[in-house]
Structures are given as structure tokens and as C-alpha cells.
2 protein chains.
Amino acid sequence: MKKLIALYKAPADPAAFMDYYAGVHAPLVGKIPGLVKAEITRINRTLAGDQGNFLLAEMYFADEDSFRAAMKSPENAATGADLANFAGGLVTVMTGDVIEI
Amino acid sequence: MKKLIALYKAPADPAAFMDYYAGVHAPLVGKIPGLVKAEITRINRTLAGDQGNFLLAEMYFADEDSFRAAMKSPENAATGADLANFAGGLVTVMTGDVIEI
């Protein structure tokens, strides 16, 4: 399973951030072709290390081919462009593979 | 669903880190009472934001009560203490809730 991961630092106005995320950004995420599921985690506490993370969004794709097609899609471009509307300077975007240990 | 999240920055020796993680740390994680599942993601690329993340480990618990019991367990204490053996200065540990958007 391939993942696109977005880790957001705490915004100045958490309620407004979440309203925008749920009302505008998440629907854009949902249109990305090949998306298997999206899991959103609200960070509550940081027990060790870097403070200030707020939200973790993980978008799952079945395999490398569907992930690459998704990344090249206009729907993904629109989703990425929307980040500037609410998360400029707050988001780290990463790609990864779920691995068996 | 409650989660314990560990985000590791890139170690000096990734192969040795992964050998230790798989051979010593993951078995300790597996003993934490109430653990529903653990999902390990190898970070491949950072497309925006903070560079240098290497591994994302997510431990899932069914609810708040089982999560609190897990955090208080000697197995969790042993797992936390083991972090110093391979991930000192590399790990950010967070707690969170999977939310519906």
C-alpha cells in the first residue's frame, strides 16, 4: 500500500482550520482517482520530540501504478493547490510505503 | 480509534536502524496490551515542508480506556525505554484520535 501523508502544524485558529478542511479540502481529497481510503488523525498530545503537530492526514493507494496516476491527476493538483488556501507554512507532505516488519 | 504515533527522523545508519526496529523494538510494541494493530510506513520522499522524516509507526487502540491502560502498562514502559537504544533524538511521539470528516 502506498500513502500520501500530510502532517499539519497547529494553525492560529483550529476551529476555522477544521471547518475549511472538512468543508473544502477533504471533498477535494475524495476526488483523487485511485484513492482507497483517507484516515484523518487529530493530534492531542506530544509526549516527546517536536511539539506543535495538529493533524495527520493519510491517503492510501493500492499500488505504485495507481499512486503515480493519482499524483499526476488534475484532481491531485487541485488538492495540492488548495493547501495554500488554509495551510501555507503549516504542512509537511510525504510519500511512503506501508511495510511489513 | 486512539493512536500512539511515532515519527522518526532519518538515522545515520538506516539498515542498522531497521534491523533493530524489526528485531527488537517491534516485538516489544507487539506486547503492549490492547494493541489492535500497528502500521509501519517507510517515508520515501518529502514533497513539501520539513525534510528528513524516515519512518512513521502508528499503534491503534480500540478506545480511550484501552489506550490509557496500555499507556500505564509495564510493556509500554519497556517499549518507551527501548527508544533510547536506537532512536534517541530522532523520534517524536504523539497521541491522537482517528476522526470522521
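What this report covers is the structure whose coordinates are included nearby. (Residues numbered from 1 in each chain as written. Chains lettered and ligands numbered in written order. Predicted model: local features only at pLDDT ≥ 70, side-chain atom pairs only at ≥ 80, totals over all residues. Heavy atoms only, no water.)

Residue and element names in this part refer to chain A. Inspection of the secondary structure puts P27 in helix 1 (residues 14-30). Assessed through its relative accessible area of 37%, P27 is described here as partly exposed. Separated by 52 residues in the primary sequence, P27 and T79 have C-alpha atoms spaced 9.0 Å apart. In this structure P27 touches Y21 and A22, once residues within four positions along its chain are discounted. (Helix = DSSP H or I, 4+ residues; strand = E, 2+ residues; numbered from the N terminus. Buried < 20%, exposed > 50% of the residue type's maximum accessible area, 1.4 Å probe, protein only. Contact = heavy atoms within 4.5 Å.)

Here we take up the interface of chain B and chain A. Opposite the 38 residues of chain B that make contact, chain A presents 38 residues. Summed over both sides, the interface between chain B and chain A buries roughly 2,800 Å², with carbon and sulfur atoms accounting for 59% of that surface. Inspection of the region where chain B meets chain A yields 6 salt bridges. As a salt-bridge pair, K9 of chain A and D50 of chain B come within 2.6 Å of each other at their nearest N and O atoms. In this assembly, chain B and chain A are joined by 26 residue pairs in polar contact (both at pLDDT 80 or more). The greatest single-element share of the side of chain B that touches chain A, amounting to 11 residues, is contributed by strand 2 (residues 35-48) of chain B. Within the side of chain B that touches chain A, the residues separate by chemical class into 20 nonpolar, 8 polar and 10 charged. Judged from the 7 bridges that link them, strand 2 (residues 35-48) of chain A and strand 4 (residues 91-99) of chain B form a sheet pairing that is antiparallel. Within strand 4 of chain B, the residue paired with I43 of chain A across the bridge is G96 of chain B. (Buried area = accessible area lost by both parts, 1.4 Å probe. Salt bridge = Lys/Arg side-chain N within 4 Å of Asp/Glu carboxyl O. Polar contact = N/O pair within 3.5 Å; in protein donor to acceptor, adjacent residues only side chain to side chain. Nonpolar A, V, L, I, M, F, W, Y, C, P; charged D, E, K, R; others polar. Pairing = 2+ DSSP bridges.)

This structure, assessed with the given rule, holds 18 aromatic pairs over all chains. Relative to F54 of chain A, the ring of F17 of chain A lies with its centre 5.3 Å away and its plane at 90 degrees, an arrangement referred to as edge-to-face. Remark: F54 of chain A occurs in strand 3 (residues 53-61) and F17 of chain A occurs in helix 1; sequence separation between them is 37 residues. F54 of chain A shares its class with F17 of chain A; the two are buried. Pairing Y8 of chain B with F17 of chain B gives two aromatic rings, centres 5.4 Å apart and planes at 75 degrees, and the pair type is edge-to-face. Among the aromatic residues, those joined into a cluster by ring pairs are Y8, F17, Y20, Y21, F54 and F86 of chain A. Above the plane of the ring of Y60 of chain A lies K37 of chain A, whose end atom (NZ or CZ) is 4.3 Å from the centre. (Phe/Tyr/Trp six-rings, centres within 6.5 Å; stacked < 30°, edge-to-face > 60°. Lys NZ or Arg CZ within 6 Å of the ring centre and 35° of its normal.)

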